Amino acid sequence: MSYLTPTLLGAASTDTRLGFGIPGYAHPLMAPVEWAELTRPGTPLHWVVLNVAGGPGARPDPHCLEASGRLRNQGVRVLGHLDLTYGARSFGEVVSDAHRYLDWYRVDGFSLDRCPTERAALPEVRRIVTTLRALREDAHIVLGHGTHPYPGYAETADQLVTFSGAWSDYRWAQVAEWTADYPPDRFCHFVHGVPRGHLDEALRIARWQGAGTIYFTDRTDRGGAADPWEAMPGYWDEIVSRVGTGVSE
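**Looking at the pattern of salt bridges**
Line of reasoning, step 1. The full count for this structure, using the stated rule, is 16 salt bridges.
Line of reasoning, step 2. Across the salt bridge formed by D97 and R89, the nearest N and O atoms sit 3.1 Å from each other.
Line of reasoning, step 3. Classification of D97 as buried rests on a relative accessible area of 6%.
Line of reasoning, step 4. For E124, the salt bridge is made with R127, and the minimal N-O distance between the two is 3.4 Å. Taken as a pair, E124 and R127 lie in helix α5 (residues 122–135) at a separation of three residues, close to a single helical turn.
Line of reasoning, step 5. What emerges from the salt-bridge pattern is a single network uniting R72, D108, R136 and D138.

Set out below in structure tokens:
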């Protein structure tokens, strides 16, 4: 079972209604079923990341425009994928990608993938987020750290991805104590390689650790050779039913 301090046990809510954040399916031509399933009424979606080609691509893609438009017409946030490469990409490159996402796909916000975690990088990330909010005032910003960052990042964005990795690690992951100062809707967990028989356990861990947005899949990264988020999990209908009705205990 995941490590929990007494303080966090008291602060975490087991009644939190979870929802899905989709890290980014494959291109709509490669994953038509996945994109179509996201428009099913009643699916508890918080947002979906649009990743055209490691970013917005070189030109507008009509298939991505159609897929994202269907979601936005149903009130689902679509976020543009911005890769910060742990701070290696320049400010100008990131903002240029954001402009293209807004101009071509009218996205509702941005997912900043491979976001730095250290305190020293916080001012630059804050500068980027401030600029993104200037481009779209109500932009929803998700920082994709994949682990717990320096606590100051929690004041910079709408949500933080504080876990992204394998089920074998998630089962024993430790949650940072400072997260207890924030509501679950500030945190996201992405977990691959979750067996169908462990869905209940995975959902309990997410609630106990105070995550309000999740994505669990039985797909794996095959030792780093594949993207586990590109395709829908084999138990999609089951997990939608469980999360949509609040079943987790």
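From this point, the discussion proceeds with the structure in view.
**What about the packing of aromatic side chains?**
Each pair of aromatic rings is reported with the distance of its centres and the angle of its planes.
Line of reasoning, step 1. In total, this model carries 15 aromatic pairs according to the counting rule given.
Line of reasoning, step 2. A ring pair is formed by Y25 and Y215, whose centres lie 6.3 Å apart and whose planes are at 75°; its orientation type is edge-to-face. Of the two residues, Y25 is situated in the loop between β1 (19–22) and α2 (32–37) and Y215 in strand β8 (residues 213–217); the sequence distance between them amounts to 190 residues. Neither residue differs from the other here; Y25 and Y215 are each classed as buried.
Line of reasoning, step 3. The lysine or arginine in question, R127, covers the ring of F91, its NZ or CZ lying 3.7 Å from the ring centre.

**Concerning the nonpolar core**
Line of reasoning, step 1. Core analysis: the biggest nonpolar cluster contains 74 residues, and F110, L112, L143, F216 and W236 have the highest contact counts within it.
Line of reasoning, step 2. Setting aside chain neighbours within four positions, we find W236 in contact with F20, I22, Y25, E37, L38, T43 and Y215.

**Let's talk about unusual backbone geometry**
Line of reasoning, step 1. A positive phi angle is found at R106, which is not glycine, with a value near 50°.
Line of reasoning, step 2. Looking at where R106 falls in the secondary structure, it is placed in the loop between α4 (91–105) and β4 (109–113).
Line of reasoning, step 3. Residue R222 is not a glycine yet carries a positive backbone phi of 45°.
Line of reasoning, step 4. Topologically, R222 is positioned in the loop between β8 and α8 (236–244).

Calculation criteria
Residues numbered from 1 in each chain as written. Predicted model: local features only at pLDDT ≥ 70, side-chain atom pairs only at ≥ 80, totals over all residues. Heavy atoms only, no water. Salt bridge = Lys/Arg side-chain N within 4 Å of Asp/Glu carboxyl O. Buried < 20%, exposed > 50% of the residue type's maximum accessible area, 1.4 Å probe, protein only. Helix = DSSP H or I, 4+ residues; strand = E, 2+ residues; numbered from the N terminus. Phe/Tyr/Trp six-rings, centres within 6.5 Å; stacked < 30°, edge-to-face > 60°. Lys NZ or Arg CZ within 6 Å of the ring centre and 35° of its normal. Core = buried A, V, L, I, M, F, W, Y, C linked by side-chain atoms within 4.5 Å. Contact = heavy atoms within 4.5 Å.

Keep in mind these values describe shape, not function.
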